Amino acid sequence: MAALYDLRARVLRPDRPPEDSRFPGDDAPATVHLGAFVDGKCVGVASLFAERGIRLRGMAVEPDRRGQGVGAALLRHIQQGAAERGQDLWCNARASAVGFYEKLGWKTEGDVFDLPLIGPHYVMRWTASGLPGGAQNGDS
Ligand SMILES: CC(C)(COP(=O)(O)OP(=O)(O)OC[C@H]1O[C@@H](n2cnc3c(N)ncnc32)[C@H](O)[C@@H]1OP(=O)(O)O)[C@@H](O)C(=O)NCCC(=O)NCCS
């Protein structure tokens with residue numbers, strides 16, 4: 001968990017105290033934390049919370065490992081698990097990351113909104129059952 005909190009803090013809350021990178025429900029039994037590892041080092045993290053369905057939070061990849069497919073691999077793994085369980089996923093996506101989620105088959109819902117101290121966001125949703133042709137990972 002230390003690596004997850006550290007990566008979250010450095011990537012998602014760089015100007016805030018470390019405790020701001022702990023989310024409500026992090027320790028809940030239903031919460032799932034995932035990490036992507038390269039050469040034994042945690043370089044990508046994401047967490048799933050039981051909140052109005054399944055909420056994806058804390059998606060972050062080490063800056064020097066971005067653009068190499070780490071985030072996509074992590075998210076495809078999550079989507080595969082969700083599809084097997086018949087679960088949809090949602091998140092509050094930073095506007096700057098919407099294109100990443102769209103490439104993985106997610107769709108925005110509604111208008112942009114502002115999260116204090118972080119910036120503009122969209123609600124985004126990934127729906128296993130709604131994908132055409134049985135595709136489950138957003139890659140056609
Ligand atoms: C967003 C993030 C998780 C993406 O991880 P990544 O490992 O760099 O992404 P990948 O290399 O797997 O990219 C997968 C695809 O998405 C695209 N992509 C990645 N980040 C993108 C972005 N911010 N906007 C648009 N497209 C993006 C890539 O070009 C790639 O496209 P391709 O399949 O055509 O080559 C990572 O950049 C990150 O941690 N950003 C800072 C924190 C953040 O914004 N997290 C999301 C909070 S909602």
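Look above for the structure.
Residues numbered from 1 in each chain as written. Predicted model: local features only at pLDDT ≥ 70, side-chain atom pairs only at ≥ 80, totals over all residues. Heavy atoms only, no water.

1. What about unusual backbone geometry?
Step number 1: Of note, D39 is a non-glycine position whose phi angle comes to about 50°, a positive value.
Step number 2: Tracing the backbone shows D39 in the loop between β1 (32–38) and β2 (41–50).
Step number 3: Owing to a relative accessible area of 76%, D39 belongs among the exposed residues under this scheme.
Step number 4: For R52, which is not glycine, the phi dihedral falls at a positive 50°.
Step number 5: Within the secondary structure layout, R52 lies in the loop between β2 and β3 (54–61). (Helix = DSSP H or I, 4+ residues; strand = E, 2+ residues; numbered from the N terminus. Buried < 20%, exposed > 50% of the residue type's maximum accessible area, 1.4 Å probe, protein only.)

2. What about the side chain of H121?
Step number 1: Examined against the element boundaries, H121 turns out to sit in strand β6 (residues 119–126).
Step number 2: Only 2.8 Å separates the side chain of H121 from the backbone oxygen of G119, close enough to count as a polar contact.
Step number 3: Leave out the neighbours within four places in its chain, and H121 touches N92, A93, R94, A95, D111, V112, F113 and L115. (Polar contact = N/O pair within 3.5 Å; in protein donor to acceptor, adjacent residues only side chain to side chain. Contact = heavy atoms within 4.5 Å.)

3. Re the environment of C42
Step number 1: Inspection of the secondary structure assignment puts C42 in strand β2.
Step number 2: A residue is classified by how much of its surface remains accessible, and C42, at 12% relative accessible area, is buried.
Step number 3: Considered as a pair, C42 and V61 are 19 residues apart in the sequence and their alpha carbons are 9.0 Å apart.
Step number 4: Setting aside chain neighbours within four positions, we find C42 in contact with A3, L7, G35, A36, F37 and E62.

That is the geometry; function is a separate question.
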